[in-house]
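# Overview (structure and organization)
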Amino acid sequence: MGPHPAVAAIRLAVRRVLHDILTDIPVSPDTPRARPPAPLVLVACSGGADSMALASALAFEAPRLGIRAGGVTVDHGLQPGSDLRAEEVVLRLRELGLEPAESVAVTVGRGGGPEAAARDARYAALDAAAVRHEAAAVLLGHTRDDQAETVLLGLARGSGIRSLSGMAAVSGADGRYRRPFLRLDRQTARKACMVQSLPVWDDPHNADPAYTRSRLRHEGLPALEKALGKGVVEALARTAQLSRDDADALDTWAGQAEASVRDATGLLECAKLYALPPAVRRRILRRAAIEAGAPAGSLFARHIEEVDRLITGWRGQGVINLPGKVVAQRQGGRLVIRQG
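We now examine the overall build of the protein. Along the backbone of the protein there are twelve helices and ten strands. Sorting the 340 residues of the protein into buried and exposed places 44% on the buried side. Each charge sign in the protein was given a centre, from 45 positive and 38 negative side chains, and these centres are 4 Å apart.

Before going further, it helps to examine unusual backbone geometry. A cis amide bond, omega 5°, links Glu 99 with the succeeding residue Pro 100. If you trace the backbone, Pro 100 turns up in the loop between α3 (82–95) and β3 (101–105). You will see that Glu 134, though not glycine, has its phi angle at about 55°, which is positive. Counting through the fold element by element, Glu 134 comes out in the loop between α4 (114–133) and β4 (137–139). The exposure class of Glu 134 is exposed, given its relative accessible area of 69%. Positive phi is not limited to glycine here, since Lys 325 has a value of about 60°. Counting through the fold element by element, Lys 325 comes out in the loop between β8 (320–322) and β9 (326–331). Residue class for Lys 325 comes out exposed when judged on its relative accessible area of 69%.

Now for the packing of helix α9 (residues 232–258) against helix α11 (residues 278–291). Their axes nearest at 9 Å, the elements α9 and α11 cross at an angle of 70°. Between α9 and α11, the angle is such that the two are roughly perpendicular. In this structure, α9 contributes Ala 247, Leu 250, Asp 251, Trp 253, Ala 254, Gly 255, Ala 257 and Glu 258 to the contact, and α11 contributes Ala 279, Val 280, Arg 283, Ile 284, Arg 287 and Glu 291. Considering only residue class, the contact of α9 with α11 consists of eight nonpolar, one polar and five charged.

Moving on, we come to the layout of surface pockets. The rolling of a water-molecule-sized probe over the atoms marks out the regions of remaining empty space. Of the voids in this model, the second largest pocket is the one considered here, and its volume is about 580 Å³. Around the second largest pocket sit 24 residues that line it, and Ala 169, Arg 179, Pro 180, Leu 182 and Arg 183 are the ones nearest its centre. Only α1 (5–24), α5 (144–157) and α9 provide two or more residues apiece to the lining of the second largest pocket.

Further remarks concern the sheet that holds strand β2 (residues 68–75). Within the open sheet, the six strands sit side by side as β3-β2-β1-β4-β6-β5. Their pairing is mixed. The open sheet has two edge strands with one neighbour each: β3 and β5 (170–171).

Parameters at a glance
- Residues numbered from 1 in each chain as written.
- Predicted model: local features only at pLDDT ≥ 70, side-chain atom pairs only at ≥ 80, totals over all residues.
- Heavy atoms only, no water.
- Helix = DSSP H or I, 4+ residues; strand = E, 2+ residues; numbered from the N terminus.
- Buried < 20%, exposed > 50% of the residue type's maximum accessible area, 1.4 Å probe, protein only.
- Lys, Arg positive; Asp, Glu negative; His and termini not counted.
- Charge placed at Lys NZ, Arg CZ, Asp CG, Glu CD.
- Axes fitted to C-alpha atoms, helices over the stretch in contact; angles between N-to-C directions.
- Parallel < 35°, antiparallel > 145°, perpendicular 65-115°, else oblique.
- Contact = heavy atoms within 4.5 Å.
- Nonpolar A, V, L, I, M, F, W, Y, C, P; charged D, E, K, R; others polar.
- 1 Å grid on protein atoms, 1.4 Å probe; cavity = no way out; pocket = protein on both sides within 12 Å on 5 of 7 lines; lining within 4 Å.
- Points joined across faces, edges and corners; volume = space filled by probe spheres on them.
- Pairing = 2+ DSSP bridges.

And the structure:
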């Protein structure tokens, strides 16, 4: 008799990602037939149902593919006893057979709000752990439900199609982060933990209405399902993939078009920018602003719209101030974006 359907589902999702990781590992041209050392794949584990299910699936599948499996838990220090909980998670990872298994304490700043600050600190710690252990990849336990929430948050910000594309299955430096569960719902992960008798920790922050994502999870999405019927989560996740495909295509178009709208000195020519489709033009403007020093996370659609008006609605406007002390202005038919 095979494993429970929920366990089979999480293992299959992880197996597919591990195959992709092995395929992506470069082979040395000097010794193409030499057997490379077993790569290490880490799982980021909070102790919650999603990441514990992921850790269990990694522990099961990795040895069968000649992959070493380890785990990292990040102690944000935001709740009393968080250090003890982190130690418990490390113990559970080791009981699953993951090695190395470690806890990393971080200091959460205040920039961008508590959720964004915690996320930035967490990813910085995971990046450092991946480099320290020379890991081929880090697995993250985001589910289809998380993807739906991310799409709705992007919609609320009005940040454009890229924001609606949600989380990528592969992201980070050199494709470091992999999300095997984006096609699985949260309930499947929790069921997999239950049938395997895996203890899980439910973070009280996930139910705290002070946090936007928590309100969306417990109030917003249920209200949408009540109004529109079941299937909202699946539809939003599907929207994310379609939006990502479109956004990738537009990004490629913008990258190819950018050289054609710059003059010999590298400045952007307003007339040539005007001739481009708005979606392509605004991508070029955003990229130019980031290259000038504007932080990508602080650069919103309204900023780019103001710069775009220097091209499409020129009435002698003055300097446009952007995040990161970057300014944009029109001079002699050219668009100048630079540090102010």
